[in-house]
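Report on the structure
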2 protein chains.
Amino acid sequence: MNPIQRVAIAGGTHGNELTGIYLINKFEQFPHLTKRANFKTQTLLGNPKAVSAGRRYIDKDLNRCFGKQNLKDMTLSCYEEIRAKIIQKILEHNGQSPVDVLLDLHSTTSNMGVTIILGSLHPFNLRLAAYISSMNPLIKLYSSAQAGREDVSLKSLGKFGFTIEVGPVAPGTLNAEMFQKTEEIVQGILDYLEKWNQGKISDDKMPLTLYQYVGVIDYPRNEQGKILAMIHPQLQCRDYTALHPGEPIFLTFDGEAIAYTQNTTLYPVFINEAAYYEKGIAMYLTEKQELIV
Amino acid sequence: MNPIQRVAIAGGTHGNELTGIYLINKFEQFPHLTKRANFKTQTLLGNPKAVSAGRRYIDKDLNRCFGKQNLKDMTLSCYEEIRAKIIQKILEHNGQSPVDVLLDLHSTTSNMGVTIILGSLHPFNLRLAAYISSMNPLIKLYSSAQAGREDVSLKSLGKFGFTIEVGPVAPGTLNAEMFQKTEEIVQGILDYLEKWNQGKISDDKMPLTLYQYVGVIDYPRNEQGKILAMIHPQLQCRDYTALHPGEPIFLTFDGEAIAYTQNTTLYPVFINEAAYYEKGIAMYLTEKQELIV
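In what follows, the accompanying structure is described. (Residues numbered from 1 in each chain as written. Chains lettered and ligands numbered in written order. Predicted model: local features only at pLDDT ≥ 70, side-chain atom pairs only at ≥ 80, totals over all residues. Heavy atoms only, no water.)

1. Some thoughts on the packing of aromatic side chains
Ring pairs (aromatic) are described by centroid distance and by the angle formed between their planes. The following threshold applies: To pair, rings of Phe, Tyr and Trp, with the six-membered ring standing in for Trp, must have centres within 6.5 Å; the planes then decide the type, stacked if under 30 degrees apart, edge-to-face if over 60, and tilted in the middle. Put simply, DSSP marks the helices as runs of H or I at least four residues long and the strands as runs of E at least two long, and each gets a number from the N terminus on. A 1.4 Å probe rolled over the protein chains alone gives each residue an accessible area, and that area as a share of the maximum for its type sets the label: buried under 20%, exposed over 50%, partly exposed in between. The criterion for a charge sitting over a ring is simple: Lys NZ or Arg CZ within 6 Å of the ring centre, and within 35 degrees of the ring normal.
Considering all chains together, one arrives at 30 aromatic pairs over all chains under this definition. Considering the side-chain rings of A:Tyr213 and A:Tyr284, the 5.7 Å spacing of their centres and the 70 degrees angle between planes classify their relative orientation as edge-to-face. Within this pair, whereas A:Tyr213 is found in strand E7 (residues 207-217), its partner A:Tyr284 is found in strand E12 (residues 283-292), the two being separated by 71 residues in sequence. Residue A:Tyr284 is classed as buried on the basis of its relative accessible area of 8%. Note on A:Tyr219 and A:Phe250: the rings are 5.8 Å apart at their centroids and 45 degrees apart in plane angle, and the pair reads as tilted. Note that A:Tyr219 is positioned in the loop between E7 and strand E8 (229-231) and A:Phe250 in strand E9 (residues 248-252), a separation of 31 residues in sequence. According to the relative accessible area criterion, A:Phe250 is buried, its value standing at 3%. These aromatic residues form a ring-pair network of at least three members: A:Tyr142, A:Tyr213, A:Phe270, A:Tyr276 and A:Tyr284. A cation over an aromatic ring shows up here: B:Lys140 above the ring of B:Tyr240, its NZ or CZ 5.6 Å from the ring centre.

Here it is as structure tokens:
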């Protein structure tokens, strides 16, 4: 594998996720923080118009606009679809796309702690993730790479793409602890890449706990699509915790519990993420896997 | 004092605070829930356009549009200023304003638990608050009535106005526990009013812990108004907890703590409320008072 030459760090892909926005501001004010001897780092504010408006997006979720077809389709005219093409252009170098490593900084209303979302299960990604989580075992690793869907998020513009998700953080707020943890993880990844370029990463196998996407559960809804129940208090904030058949997942507005009916124990993530109500997602379900990479 | 004849319950005054919106939906679907023999109850969605958009407001915070001058000024033309006049009209009865009791249901990103905000320190309000908090000592009572500012919020349309604030709840999300607690407190207040009309509320004095507005602290900002620090992790979620001189309240993006410099112990509330960043409010400061009412 060639050395890592170009790294991009993005924040504000969603305009109301302040952690990434203020961290990009900081990195742009103090470029030495992200500078390493053996690769170039560039920083980027994903959705500046949405950042100014303090909203997740203006017309459409930018982080769903990076599908290959979308990026080629010049008839698409909403703000985020145009912005996606501009970002692709910004990240090009000598007509060559993509960057080697792309880190996209996000926050979520779900209790995701500090999560790295892997863009693919390429051994490079897995070993980076294993290394970072060995430094801080509280870091969680999630991937939907085997879901068989195209990755249409910003991280797909990187040869190796990672989303950092921290939560719970309310949209439109800064949480100092989560800000610092996001900065730490970015620094950890940049240091890893530097060591990797220097040949200082050992070949020893490493253990890895990976939560892999299995499916989605939506809120119970009526025929008009109106939500009929809330996340059950026993499930609220229990991201990455085993959900067993028969356990309550929803509570109707009348106080009636609705149980999880699948017959396997899975691990929900992104429970009660604000932005997913409109996407028909109350939570993702994942399988917990112990790997050696 | 005359009996209570008309009660109004509002939700969705801020379009992204789902607790109140879904509770109003429930009350409108099942009117018997808010019906009492001795007064009439009406329900109201404050800002339907903002509810549809999933945003706090369209043009301007509706909950700052109920000043007496504003309500008279027919030249004001933004959506919320027009909506405020319509709400005033909706709540009129035979040309008579205001309703006797107005409950406005809100949520906040701050750790406010379940808070009743009193529109005034009228003995009726204080005794109602004392009664409700005697039923559930976890309920907190806050008032800015002695701040010397006009109440420009929706609750000011009630002869006796109360805002119910629950948190932390992220904008755009439902929290089942907070939904149920809000419903409980509404039911508790309606039951109190019914008993009051029936002469079943004793005259015995009751103790009351009231947090009274003293002032505001904004985030440290640069000359362009850009925020230079976050709420300090030691202060985050510490609403209603004593803040002593010298204790850290902010943390700069470089990790430097900024201390509370006033020389009296006060009790911050609305710490890190998302919607207050643009209003120049990092937290309110309050004085804790023990009253007998």
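2. Here we look at the sheet that holds strand E10 (residues 257-259) of chain A
All names here are of chain A. As a reminder, the rule being used: When DSSP locates at least two bridges between a pair of strands, those strands are taken to pair. Comment: axis = line fitted to C-alpha atoms, over the contacting stretch for helices; angle = value between 0 and 180 degrees taken between N-to-C directions.
Taken together, three strands build an open sheet; the order of strands is E8-E9-E10 and the sheet is antiparallel. With one partner strand each, in any of the chains shown, E8 and E10 form the two edges of the open sheet. Pairs of neighbouring strands in the sheet enclose a mean axial angle of 35 degrees, with direction left out of account. Pairing geometry for E8 and E9, over three bridges, is antiparallel. Paired with Met 230 across the bridge in E9 is Leu 251.

3. Some words on the pairing of E12(A)
It is a general feature of regular strands that their side chains alternate between the two faces of the sheet. Residues and elements named next belong to chain A. Bridge count for E7 against E12 is ten bridges, and the pairing is antiparallel. Of the residues in E12, the one forming a bridge with Gly 215 is Leu 285. Looking at chain direction, strand E11 (residues 267-269) and E12 are connected through three bridges and run antiparallel. When the sheet's bridge partners are listed, Val 269 is paired in E12 with Tyr 284.

4. Some words on helix H4 (residues 79-90) of chain B
All names here are of chain B. How we decide: Helix span, as expected, comes to 1.5 Å for every residue beyond the first. A contact between two residues is defined here by any heavy atoms of the two lying within 4.5 Å.
End to end, H4 covers 16 Å across twelve residues, agreeing with the expected 16 Å (1.5 Å per residue, within 8%). Among the residues of H4, Tyr 79, Glu 80, Glu 81, Arg 83, Ala 84, Lys 85 and Ile 87 are the ones counted as buried. Contacts made by the buried residues of H4 are with strand E2 (40-45), helix H2 (48-53) and helix H3 (68-72).

5. Let's talk about the relation of the copies chain B and chain A
Convention followed: For the least-squares superposition of copies, only C-alpha atoms count, and only for residues with pLDDT at least 70 in both.
Superposing chain B onto chain A takes a rotation of 180 degrees combined with a translation of 0.0 Å along the rotation axis, leaving an RMSD of 0.0 Å. Classification of the inter-copy transformation places it as that of a two-fold axis. Proximity to the rotation axis, assessed at the C-alpha, singles out B:Ala170 in chain B; its C-alpha lies 2.5 Å from the axis. A high fraction, 100%, of the interface residues of chain B reappear at the interface in chain A, so the copies pair face to face through one surface.

6. Examining the sheet that holds strand E10 (residues 257-259) of chain B
Residue and element names in this part refer to chain B. Spatially, the three strands line up as an open sheet ordered E8-E9-E10, and their pairing is antiparallel. Since the sheet does not close on itself, it has two edges, and those belong to strand E8 (229-231) and E10, each with one partner. Strand-to-strand, the axes of this sheet are offset by a mean angle of 35 degrees, without reference to chain direction.

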